Amino acid sequence: CSLVNEQLRPTLEDYGLKLERISQRFPTGDKTLPDSGETIYDYYQLTSDQLILDNATVSAIDDRFDGRQSPLLAYLANTVNKIVAEASNTAGDMLGGPVAVASRRVPYSIIVGVPDALGQGTPHPLPDPSTALTTQELRYPYCWINSWLAEELQASPQDWIEFFYYEPETIDGRETLRQTRAIIAGIVPLTEPQQGFVRNRPAVYTKPPTIYNDPHFTPTVPGLTDKDSIANWDAPFKLDLELIQPADDKYYDLYRLTPKLFLPYQVAARPSLFGSRFGQATSIRFPAEEFSSEAELREQIESALLANRALKGFQFEPVRQKLLKSAAGTTPFDMLFLSLSFFVILAALMLVALLFKLGISQRATQLGLLAAHGFTAQRIRGLLLREMALVALAGTMLGIALGLAYAWAMIAALETWWVGAISSPFLSFSFTATSLAMGAAAGLLISLATIYISLRRISRQTPLRLLRGESEASTNSSPPLRRGLLILAAAVALAAVGLIVAGSGQSGMARAGSFFGSGMLLLMAGLLTLHCALQLRSKAHGKASRVATAGAGGLWPLAWRAIQRNPLRSSLALGLLSVASFLIASMSVFHVAPDPRGYGGFNLIAESSQPIFEDLASHSVHTEQLGSAAAPLEDAVIVSLRMKPGQDASCNNLFQVEQPTILGIPKRLEQIAEARRPRSGLATFQWAVERSGGWTALVATGAGTADDPIPVILDQNTAAWSLKQGASLGAPTVLQYGPRELHFRTVGLLANSVLQGKLLIGEANFKTLFPEQSGYRFFMIHSAENANPADTTAALEKGWSDAGLDVTSSRATLQQLLGVQNTYISAFQSLGALGLLLGTFGLIAVQLRSVWERRRELALMQAVGFSKRRIAQLLALETLLLLGGGLLIGCLAATIALVPYVLENGTRLSLLGPLVMLAGVLMVGFIAALVSVRAAMQKSVLTGLRAE
């Protein structure tokens, strides 16, 4: 692309520029000869179809031509009149003191800012002001007027004039009238033509015209320069026709928009007069004698403007590279799914251990026989490991198929039920053999490692214990070891607290890492603590047997003793359940519902396809545009914002963005926010992280450089995911807008805002950075309390339909933005459901194994008088203890890990979803209890007592 860009040479017409040769000769000989007669003026003039030449264009030409050009700035004055000092103005302060109007007000006159001479080689420069003004008077603003205006005003050098004009840019859609006074430094001559302008034919002179008889001082303005009278002007403001006198119409017929007043260019181009952010020149003149031909001049100008190619959009882009970069996405869902899947993987490994031990316990006698015949522990482990490797391999193959099905189901859900997460269905299911091989190898190796660790404990049993059917030795730890485990649990808990503190104030991947890391550590701490508690043997364990028949409450000690029978196994079951409950409880909290604070109480937002220059907050504008239909807009609060259109950086866009939409925030928004603070009935925007001053932090100016960045406010999700700048105060953001690299500095973060996906900067900075963006295109609206928002919407869309104004409900828009986040939360919760499924299998495995090992014990209990109902109650209580412990640990870990998030963001907890899903866990637990009870009650007492 760089090579192609170097070869790209746009023409002046491509830039919207026009170069033409303008000459005026007074014929003295043969009119058929083009060079006959006296040359009055002869120059080339460069103009823009935008009327104003932007600063970049003027600067590039200045650098190339080094003074051989003359910039001009033409402007329209509403009125011009002569003034004299009033009697009270004894100090002679004509600039600011009281004055009296000493002439009629001449309407709609062109004022032109010109250099000291009208271009190199011009035979008639403006008169030297020092010939008419004293040294003291030269300190005042001075001007020149033409002879026609001098006659109308009865003015002469050293007289003062006053002219009124509208500012170059409207403020809130309203024209602002300003006034300037200047002293006359000279009168320039104007020759009256014999015949004025007729349609496109120029005036006809019988006497030589002067260089000031040049209507080309004023660029072509459709709607003004092509009209036959002032009354027919299509002006952007309302004309005061009462000011127009017959002399003014006659001047227009004879001279069209030939200037009546001249100012020094440096004065006219000041921001306090006619200069603006759009530019400080309406045309540039080049003396014809300086160039051999128009083609030569054109080539030089086009060469000078090559530096502006990218700024003007003439640049080839590496589309493929940009698309590949954008396709990388804004949110690292792979890391998020991997982080959440870690808990499910952990649960799966615990389930592998439980199921493996359940299978081995049923083959304990076989292993004991092998050991008795001389098989070493190492050989037994190798035999079982090879056997289990075949099973694991088969399971891995099945897992690949199930994984592909799960991934396909996720894509199908995102294309249908969860389509809100991607805005439109465009995803397709795909995979690579490499990714499948890597996943299968990782799963197989981890499973075999888990099996090997379990085998080491089993292979250490003596042949006699194995022949008796005891596959595991007592796992009770010594007091020192238990104390060590408790110390480890405390250290892990402290690490979790430290991670929570470190994650406070963070967002994005930092906050996600803090949450999942602290949650994992809290789960470990809870399980270690409970594991130690399971290893404690009560001194009153004999008393448990005596109270077992004293009602249902007496079964609790026996149930507790039963799950203490094998602390490691019970801890694994608790771990499975705690992981599932942690995912379910924590993910549900992140569901967010639309809140008025998300849109600052502005229940409607609007965006137009074309700039709107009127003040939509003005009642007079409503009445003028809609008449009686403007009633729904009465008392409505409307804030107009400038907008630099760009890419959508909200959650609705899965692709990376390079140029997000930028909004210019006016001071009025802060004034409205301040007015609402004391009133409880009106909401203000919710801040995730707010610097002192809120919106006023955007008032500070910035050049957009690394040393002087622009203050910006972002939505927290935009900062964290779309821009990936850390989502913290002071975080830098660097974006490329055309050839410009703009640096921003975050001064505030909004929480769950309808302004998600946009950069919010101060209006003053916006106007400086993007002078080409005029008018307003984004609007925040608070409809009147007694007005129907639908009526307000209809009125606005009807009144400004030509500008493509589209009004939408803020709540609906915010609902759509938050729906993306909530959809992904639902997708993540599916992992919790998968963990719940694993926990169910684990609980069933633990209870079945417990029943298998205690079959003789349960039969003996029946033999000594325990009814089947009491034994069923005992097994149910055991399940309930495991179930309750797992839920308690998981929910407690989730609660502690979420405390900073809830405190910082003021999140309203949505408890219904978690409660429903946890109720499902309880139901699953009772199903497990029923399975274990059924298994225990199927055999007769005699069969149980004979069990080997």
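Remember, it's a predicted structure, so these values are computed and weren't measured experimentally.

Procedures and definitions
Counting starts from 1 at the beginning of each chain's written sequence and moves along it residue by residue. The predicted nature of this model means local features are confined to residues of pLDDT at least 70 and side-chain atom pairs, given and counted, to a pLDDT of 80 or more, with totals for whole chains, interfaces and linings taken over all residues. Only hydrogens and water are removed before side-chain values are computed, so all heavy atoms of the structure are retained for them. Runs of H or I in DSSP of at least four residues are treated as helices and runs of E of at least two as strands, each being numbered from the N terminus. Using a 1.4 Å probe on the protein chains alone, a residue whose accessible area is under 20% of its type maximum counts as buried, one over 50% counts as exposed, and one in between counts as partly exposed. Only heavy atoms matter for contacts: two residues are in contact if any of them lie within 4.5 Å across the pair. Each accessible area is a Shrake-Rupley result for a 1.4 Å probe, and residues are judged covered by the shown protein chains and nothing else. Here the axes come from fitting lines to C-alpha atoms, over the contacting stretch only for helices, and the angles between their N-to-C directions go from 0 to 180 degrees. By the definition adopted for this analysis, an angle is roughly parallel if under 35 degrees, roughly antiparallel if over 145, roughly perpendicular if from 65 to 115, and oblique otherwise. Here a crossing is called left-handed whenever its near helix is offset anticlockwise from the far helix by less than a right angle, and right-handed whenever the offset is clockwise. When residues are grouped by polarity, Ala, Val, Leu, Ile, Met, Phe, Trp, Tyr, Cys and Pro land in nonpolar, Asp, Glu, Lys and Arg in charged, and all others, Gly among them, in polar. Salt bridge criterion: a side-chain nitrogen from Lys or Arg within 4 Å of a carboxyl oxygen from Asp or Glu. Grouping into patches uses exposed residues only, defined as over 30% relative accessible area, and leaves out salt-bridged ones; the cut-off is 9 Å for like charges and 5 Å for nonpolar side chains (Val, Leu, Ile, Met, Phe, Trp, Tyr). What makes two strands pair is DSSP finding at least two bridges between them. Our arc is simply the arc of the directions from the helix axis toward the C-beta atoms. Residues enter a nonpolar core if they are buried and are Ala, Val, Leu, Ile, Met, Phe, Trp, Tyr or Cys, with the set joined through side-chain atoms within 4.5 Å. Ring pairs are drawn from Phe, Tyr and Trp, using the six-membered ring of Trp, whenever the two centres fall within 6.5 Å, and their geometry is named by plane angle: stacked under 30 degrees, edge-to-face over 60, tilted for the rest. Two limits define a charge over a ring: the Lys NZ or Arg CZ must be within 6 Å of the ring centre, and within 35 degrees of the ring normal. The quantity known as pLDDT measures the predictor's confidence residue by residue, on a range of 0 to 100.

1. Details of the overall build of the protein
Part 1: Secondary structure assignment for the protein yields 27 helices and 20 strands.
Part 2: When the 948 residues of the protein are sorted by exposure, 49% land in the buried category.
Part 3: Partitioning the intrachain contacts of the protein with sequence separation of at least 6 by distance along the chain shows that 79% fall at a separation of at least 24.
Part 4: Split by element, the accessible area of the protein, about 44000 Å² in all, is 59% carbon and sulfur.

2. Some remarks on the packing of helix α2 (residues 55-65) against helix α6 (residues 294-304)
Part 1: At a minimum axis distance of 9 Å, the contact between α2 and α6 shows a crossing angle of 120°. Taken together, α2 and α6 sit at an angle that is classed as oblique. Seen from above, α2 lies across α6 with right-handed handedness. Listed contacts from α6 to Ala 60, Ile 61, Arg 64 and Phe 65 of α2 are Leu 297, Gln 300, Ile 301, Ser 303 and Ala 304.
Part 2: Looking at side-chain class alone, the contact of α2 with α6 contains 6 nonpolar, 2 polar and 1 charged residues.

3. Notes on the pattern of salt bridges
Part 1: Tallied over the full model, the rule gives 19 salt bridges.
Part 2: The residue Lys 18 makes a salt bridge to Glu 20 at a minimum N-O spacing of 3.9 Å.
Part 3: For Glu 20, a relative accessible area of 25% puts it in the partly exposed group.
Part 4: Here Glu 772 ties to Lys 644 by a salt bridge, and the two come within 3.8 Å at their closest N and O atoms. With Glu 772 in the loop between α21 (763-769) and β19 (776-782) and Lys 644 in strand β12 (residues 637-644), the pair connects residues that are 128 residues apart, well separated along the chain.
Part 5: Of the residues examined, Glu 772 reaches a relative accessible area of 47% and is grouped as partly exposed.
Part 6: The class for Lys 644 is buried, based on a relative accessible area of 18%.
Part 7: Taken together, the shared-partner salt bridges in this structure form one network comprising Glu 169, Arg 277, Arg 642 and Glu 763.

4. Let's talk about a nonpolar patch on the surface
Part 1: A cluster of nonpolar side chains, contributed by Trp 556, Leu 880, Leu 922 and Phe 926, occupies part of the molecular surface with about 350 Å² of accessible area.
Part 2: Topologically, Trp 556 is positioned in helix α16 (residues 555-563).
Part 3: Since its relative accessible area comes to 38%, Trp 556 is described here as partly exposed.

5. Let's talk about the pairing of strand β13 (residues 661-665)
Part 1: Summarising burial for β13: 5 of the 5 residues are buried, a large majority.
Part 2: Both faces of β13 are covered, namely the face carrying Thr 661, Leu 663 and Ile 665 and the face carrying Ile 662 and Gly 664.
Part 3: By the bridge criterion, 5 bridges tie β13 to strand β18 (residues 758-762) in an arrangement that is parallel. Note that in β18 the partner of Gly 664 across the bridge is Ile 761.

6. Focus: helix α18 (residues 619-626)
Part 1: If you check which residues of α18 are buried, you get Val 621, His 622 and Leu 626. The buried residues of α18 all sit within an arc of 100° when viewed along its axis, so they share a single face.
Part 2: In this fold, the buried residues of α18 make contact with β12 and α22 (789-799).
Part 3: With its phi angle positive at about 65°, Gly 627 sits one or two positions after the end of α18.

7. Considerations on unusual backbone geometry
With the exception of glycine, most residues fall at negative phi, and the peptide bonds are largely trans.
Part 1: Unlike most non-glycine residues, Leu 51 shows phi in positive territory, near 75°.
Part 2: Relative to the helices and strands, Leu 51 resides in the loop between β2 (38-48) and α2.
Part 3: In this structure, Gln 154 is a non-glycine residue whose phi angle is positive, near 55°.
Part 4: Secondary-structure assignment places Gln 154 in the loop between α3 (147-153) and β7 (160-166).

8. Some thoughts on the nonpolar core
It is characteristic of soluble globular proteins that their nonpolar side chains tend to be buried jointly.
Part 1: Within the largest apolar cluster, 88 residues are counted, with the highest numbers of intra-cluster contacts made by Phe 163, Phe 274, Phe 286 and Ile 301.
Part 2: Sequence-distant contacts of Ile 301, defined by excluding residues within four places in its chain, comprise Leu 12, Leu 19, Leu 46, Ile 61, Phe 65 and Phe 286.
Part 3: In terms of nonpolar packing, the next biggest core, distinct from the first, is built from 35 residues, Leu 534, Ile 563, Leu 843 and Ala 894 among them.

9. Describing the packing of aromatic side chains
Part 1: In this structure the tally under the stated criterion is 24 aromatic pairs.
Part 2: Ring pairs connect the aromatic residues Tyr 108, Tyr 166, Trp 233, Phe 237 and Tyr 252, which therefore count as one cluster.
Part 3: Sitting over the ring of Tyr 43, Arg 285 keeps its end group 3.9 Å from the ring centre.
Part 4: Taking the ring centre of Phe 217 as reference, the NZ or CZ of Arg 285 above it sits at 4.2 Å.

10. Concerning the environment of Ala 845
Part 1: With respect to the element layout, Ala 845 can be found in helix α23 (residues 810-853).
Part 2: A sequence separation of 489 residues divides Ala 845 from Phe 356, and the C-alpha atoms of the two residues are 9.8 Å apart.

11. Overview of helix α9 (residues 364-372)
Part 1: Listed as buried for α9 are Ala 364, Leu 367, Gly 368 and Ala 371. What you see down the axis of α9 is that its buried residues fit within an arc of 100°, all on one side.
Part 2: In the stretch just after α9, Gly 374 is the one whose phi turns positive, near 105°.

12. Observations concerning the packing of α9 against helix α10 (residues 377-415)
Part 1: One can describe the packing of α9 onto α10 by two numbers: an axis separation of 10 Å at closest approach and a directional angle of 140°. Classified by the interaxial angle, the pair formed by α9 and α10 is oblique. For the pair α9 and α10, the sense of crossing is right-handed. On the side of α9, the interface is formed by Leu 367, Leu 370 and Ala 371, while α10 contributes Ile 380, Leu 383 and Leu 384.
Part 2: Residue composition of the contact of α9 with α10, by class: 6 nonpolar, no polar and no charged.

13. Let's talk about the environment of Asp 128
Part 1: Inspection of the secondary structure assignment puts Asp 128 in the loop between β5 (106-114) and β6 (142-146).
Part 2: Owing to a relative accessible area of 43%, Asp 128 belongs among the partly exposed residues under this scheme.

14. Quick notes on the environment of Ile 244
Part 1: Counting through the fold element by element, Ile 244 comes out in the loop between β8 (177-188) and α4 (246-255).
Part 2: By relative accessible area, Ile 244 is classed as buried at 15%.
Part 3: Among residues more than four places away in sequence, those in contact with Ile 244 are Pro 107, Tyr 108, Ile 230 and Asp 249.

15. Things to note about the confidence of the model for the protein
Caution applies to low-pLDDT parts of the model: their predicted coordinates are not meant to be read in detail.
Part 1: Averaged over every residue, the pLDDT of the protein is 81; the share at 70 or more is 83%.
Part 2: Considering each helix and strand of the protein separately, the mean pLDDT is smallest for helix α15 (residues 541-547), with a value of 45, and largest for α3, with 97.
Part 3: Scored below 50 in pLDDT, residues 28-33 shows 3 contacts in the model against residues more than four places distant or in partner chains.
Part 4: Confidence drops under a pLDDT of 50 for residues 119-124, and excluding neighbours within four residues, the segment shows 9 contacts in the predicted structure.

16. So, the side chain of Thr 210
Part 1: Here Thr 210 lies in the loop between β8 and α4.
Part 2: Non-local contacts of Thr 210, meaning those with residues more than four positions away in its chain, are made with Ile 40, Tyr 41, Pro 189, Leu 190 and Thr 191.

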